[in-house]
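Fold and contact review
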Amino acid sequence: EVERAFSRLSEEKGTREAFLTYLADDSVVFLPRPVPGRKAYEEAPADSPTLLTWEPAYAEVSPAGDLGYTTGPYQAGDRNNASAAPRFGHYVSIWQKQPNGLWRVVLDIGIRHPQAGFKPLEVMIKKDARRPKRLVRVDRLRELNLLLKVEAEFAAKAAAEGILAAYLAYSDEDIQIYRDGALPSAGTDALSQEFSGRPGSQTWESVDGDVSRYGALGFIFGTAESRSGDPAAPPTVSNYLRIWRKNPGGLWKIALDLAVPLARE
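Attention here is on the structure that accompanies the text. The shown structure was predicted, so the numbers you read here are calculated from the model rather than taken from an experiment. (Residues numbered from 1 in each chain as written. Predicted model: local features only at pLDDT ≥ 70, side-chain atom pairs only at ≥ 80, totals over all residues. Heavy atoms only, no water.)

Considerations on the pattern of salt bridges
For clarity, the threshold we go by: Salt bridge, as applied in this entry: a Lys or Arg side-chain nitrogen positioned within 4 Å of an Asp or Glu carboxyl oxygen. Helical segments are the DSSP runs of H or I of at least four residues, strand segments are the runs of E of at least two, and each set is numbered from the N terminus.
If you walk through the whole model with that rule in mind, you get 16 salt bridges. When the shortest N-O distance is used, the salt bridge between Asp25 and Arg38 registers 3.9 Å. Taken together, the residues span a long stretch of sequence, with Asp25 in strand S1 (residues 23–30) and Arg38 in helix H3 (residues 37–42) at a distance of 13 residues. It is possible to trace a salt-bridge network through shared partners that takes in Glu151, Arg179, Glu194, Arg242 and Asp257.

Points about the packing of helix H1 (residues 2–13) against helix H2 (residues 15–22)
Keep this limit in mind: Orientation is described by axes fitted as lines to C-alpha atoms, over the contacting stretch for helices, and by angles from 0 to 180 degrees between their N-to-C directions. These descriptions rest on fixed angle ranges, namely under 35 degrees for roughly parallel, over 145 for roughly antiparallel, 65 to 115 for roughly perpendicular, and the rest for oblique. The contact criterion used is simple: two residues touch if any of their non-hydrogen atoms lie within 4.5 Å. In this classification, the charged set is Asp, Glu, Lys and Arg, the nonpolar set is Ala, Val, Leu, Ile, Met, Phe, Trp, Tyr, Cys and Pro, and all remaining amino acids, among them Gly, are polar.
Remark: H1 packs on H2, axes separated minimally by 7 Å, with the N-to-C direction vectors making an angle of 150°. Taken together, the axes of H1 and H2 are roughly antiparallel relative to one another. Here H1 contributes Val2, Ala5, Phe6, Leu9, Ser10 and Lys13 to the contact with H2, which in turn contributes Thr15, Glu17, Ala18, Phe19, Thr21 and Tyr22. Tallied by class, the residues present in the contact of H1 with H2 amount to seven nonpolar, three polar and two charged.

Focus on the environment of Tyr91
Applied cut-off: Exposure is judged per residue with a 1.4 Å probe applied to protein chains only, and the accessible area is read against the type maximum: over 50% gives exposed, under 20% gives buried, and values in between give partly exposed. Each polar contact in these results corresponds to two N or O atoms within 3.5 Å; when the atoms are within protein, one needs to be able to donate a hydrogen and the other to accept it, and residues that are neighboring in sequence are counted only if both atoms are side-chain atoms.
For Tyr91, the position within the fold is in strand S6 (residues 87–97). When its relative accessible area of 5% is taken as the criterion, Tyr91 is described as buried. The residues contacting Tyr91, other than those within four sequence positions of it, are Glu3, Trp54, Glu55, Pro56, Thr70, Thr71, Gly72, Pro73, Tyr74, Ile109, Gly110 and Tyr178. Reaching out from Tyr91, the side chain makes a polar contact with the side chain of Glu3 at a distance of 3.4 Å.

Remarks on the packing of aromatic side chains
For any pair of aromatic rings, geometry is given as the distance between the ring centres together with the angle between the planes. So the rule is basically this: Any pair of Phe, Tyr and Trp rings, taking the six-membered ring for Trp, is counted once the centres come within 6.5 Å. Such a pair is stacked with planes under 30 degrees apart, edge-to-face with planes over 60 apart, and tilted for the rest.
Scanning the entire structure with this criterion turns up 13 aromatic pairs. Measuring from centroid to centroid gives 4.5 Å for Tyr167 and Phe195, while their planes differ by 10°, and the two rings are stacked. Remark: Phe195 occurs in helix H6 (residues 188–195) and Tyr167 occurs in helix H5 (residues 163–170); sequence separation between them is 28 residues. Here the two residues Tyr167 and Phe195 agree in accessibility, since each one is buried. Site record: aromatic cluster; members linked through ring pairs are Phe6, Phe19, Tyr22, Tyr41, Trp54, Tyr91 and Trp95.

Some thoughts on the nonpolar core
Defined as follows: Residues belong to one nonpolar core when they are buried, are Ala, Val, Leu, Ile, Met, Phe, Trp, Tyr or Cys, and are joined through side-chain atoms within 4.5 Å.
Ranked by internal contacts, the top residues of the largest apolar core, which has 23 residues, are Leu147, Phe154, Tyr167, Leu191, Trp204, Trp244 and Ile254. Counting only elements with at least two residues in this core, the list comes to helix H4 (140–161), H5, strand S9 (171–179), H6, strand S11 (201–211), strand S12 (217–227), strand S13 (236–246) and strand S14 (252–261). If sequence neighbours within four positions are ignored, Tyr167 has contacts with Phe154, Ile175, Arg179, Leu191, Phe195, Trp204, Arg242, Ile254 and Asp257. Judged by nonpolar contacts, the second largest core, of 22 residues, contains Ile94, Ile109, Ile111 and Leu256.

Here you go:
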């Protein structure tokens, strides 16, 4: 409901006021590189003609109710020119409950694609049936460092055995895959279609992230560098976001994987 109120405010009063209302003090947005969110929108023009609306299609919240994310289709048009062709994409917003009990966005990122995304009749919600059976409050900094270690192990496997092998080993079965220029896809079959037979290599450099109070949900963002099989070709540098969830066995698995090339700007 807070997500929907966020979109309504954007439609009624513009993106600047909406984002300044719903961004957390320590939020991050991508313009295209990660920057402090509130500062970016404080410096944005108040009279921007952009008409940005969106609709949540999927949501997942940590068992402690302190960290979650929503994702769905967005549309960006021009308030001053109704005939202008709109832009489409999917957003991913990570929400964190603040000390005052209000949900606020701590990270906002999205992909673009050429067609309108499906607007759901209802929001799909990740159920708790596959959560860890035992939930214990964790030292969040220590747990984040453990998750960063898992990220490093994932990258090492990709270097040693290939990108697809790494994703298949570290992804949950319902992983969501977000790549610029295409509608999101999901599942291990989509992983195989995305990465099977791809030449070259990929590396990732983490910038920051966070985990929930019980260490059951977390996220890492940073930059990724892809190299093709041609040693003369320059690398492709992207922003990346990985949302991780802990499975019943206590292992971190990738729930959502997003990459947006920086060159698109």
